[in-house]
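# Analysis of the macromolecular model
Okay, here's what each chain looks like letter by letter:
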Amino acid sequence: MNKKAIGFFFVIVILLLSIWGIIFYRNASIEKVLEKEGAIRVLEQIDTGNSILVIYDAGDFIRGEELRKGLLGWRVTKRSQATNDRGDDIVFRPDNLSIISTDNLSIHYGYVNQGEVDYIRFQSDLFDIKHKVQSYYWYIPVVGEDQGVFDADQFSIILKDGSEVYYPFKELQ
């Protein structure tokens, strides 16, 4: 090879490495990727082994996303439907519920009126999970084969007065 060809080769390699570096830097952390998605605050971050499930607040809505790290940094591989109902007068309704799933884990999450609701409950023949409401959002991680699907009688909320209301929460409309 002559000197011109070697010089050209090194210029191309340096250019490609520079482009890769810029892309990787912009995606170097989960926070940087979520910032581009509009996230104001990360609410929950769960490591599944192969990926990270994140629930974040974007001001007008909360959303769940799955992120995986690759050669170019972190990237969003899956998004859930955003839920955007934060009205103080609403106790709970199906619009307050969303699900993000990966492999054998799903996260059920959403908004909740913490002044009215004491617990979020998800149950099946294999488990009974109660999440104590402590904020304007809630989440329940569910592991297993049927984690992304549920029957109406498996999901409920327990109000501060002790009464339990089941999905789709028609009693609260």
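Attention in this report is confined to the structure presented alongside it. Treat the numbers as computed from the prediction; the structure is a model and nothing was measured.

## Details of the nonpolar core
Counting 16 residues, the largest nonpolar core has F92, V112, V117, I120, W138, F155 and I157 as its most contacted members. If you list the elements that add at least two residues to this core, you get β7 (117–123), β9 (137–143) and β10 (155–159). Beyond its immediate chain neighbours, meaning those up to four positions away, I120 contacts F92, V112, I129, K130, H131, V133, W138, I140, F155, S156 and I157. If you look at the next biggest cluster of nonpolar residues, it comprises twelve residues, including L53, I55, I62 and I107.

## Some points on the sheet that holds strand β3 (residues 62–70)
Sheet architecture is open: four strands sit in the order β1-β2-β3-β4, paired in antiparallel fashion. At either end of the open sheet lies a strand with only one pairing partner, and these are β1 (41–47) and β4 (73–79). Each adjacent strand pair in this sheet contributes to an overall mean axis angle of 30°, direction not counted. For strand β2 (residues 52–57) and β3, the ladder comprises six bridges, and the chain directions are antiparallel. The partner of V54 across the bridge, within β3, is E65.

## A look at unusual backbone geometry
Among all residues save glycine, negative phi is the norm, and among peptide bonds the norm is trans. Of the consecutive residues Y167 and P168, the connecting peptide bond is found in the cis state with omega at 10°. Relative to the helices and strands, P168 is located in the segment after β11 (164–166).

## Re the pattern of salt bridges
Tallied over the entire structure, the rule returns seven salt bridges. A salt bridge links R121 to D128; the shortest N-O distance between them is 2.6 Å. Residue R121 is classed as buried on the basis of its relative accessible area of 15%. Several salt bridges share partner residues, and in doing so they unite E37, E65 and R79 into one network.

## Some words on helix α1 (residues 3–26)
An ideal rise of 1.5 Å per residue puts 34 Å on 24 residues; α1 measures up with 35 Å between its terminal C-alpha atoms. Among the residues of α1, the N-terminal cap falls to N2, whose side-chain oxygen and the backbone nitrogen of K4 are separated by 3.2 Å.

## Overview of the pairing of β2
The side chains of a regular strand alternate, residue by residue, between the two faces of the sheet. The buried fraction of β2 amounts to six of the six residues, a majority that puts the element mostly inside the structure. Here β2 shows no split at all, with I52, V54 and Y56 on one side and L53, I55 and D57 on the other all buried. Taken together, β1 and the strand that follows it, β2, pair antiparallel across an intervening segment of four residues, in which G49 is found at a positive phi of about 100°. Here β2 folds back onto β3, and the loop between the two strands holds four residues, one of which, G59, carries a positive phi near 95°.

## Thoughts on the sheet that holds strand β5 (residues 97–102)
Strand order in this open sheet of three strands is β5-β6-β9, and the pairing throughout is antiparallel. A single partner strand is all that each edge strand has here, and the edge strands are β5 and β9. Going across the sheet, the axis of each strand differs from the next one's by a mean of 20°, ignoring polarity. Where strand β6 (residues 105–111) and β9 come together, seven bridges link them in antiparallel fashion. Bridging from a neighbouring strand, S106 pairs with V142 of β9.

Calculation notes
Residues numbered from 1 in each chain as written. Predicted model: local features only at pLDDT ≥ 70, side-chain atom pairs only at ≥ 80, totals over all residues. Heavy atoms only, no water. Core = buried A, V, L, I, M, F, W, Y, C linked by side-chain atoms within 4.5 Å. Buried < 20%, exposed > 50% of the residue type's maximum accessible area, 1.4 Å probe, protein only. Helix = DSSP H or I, 4+ residues; strand = E, 2+ residues; numbered from the N terminus. Contact = heavy atoms within 4.5 Å. Pairing = 2+ DSSP bridges. Axes fitted to C-alpha atoms, helices over the stretch in contact; angles between N-to-C directions. Salt bridge = Lys/Arg side-chain N within 4 Å of Asp/Glu carboxyl O. Expected span 1.5 Å × (residues − 1). Polar contact = N/O pair within 3.5 Å; in protein donor to acceptor, adjacent residues only side chain to side chain.

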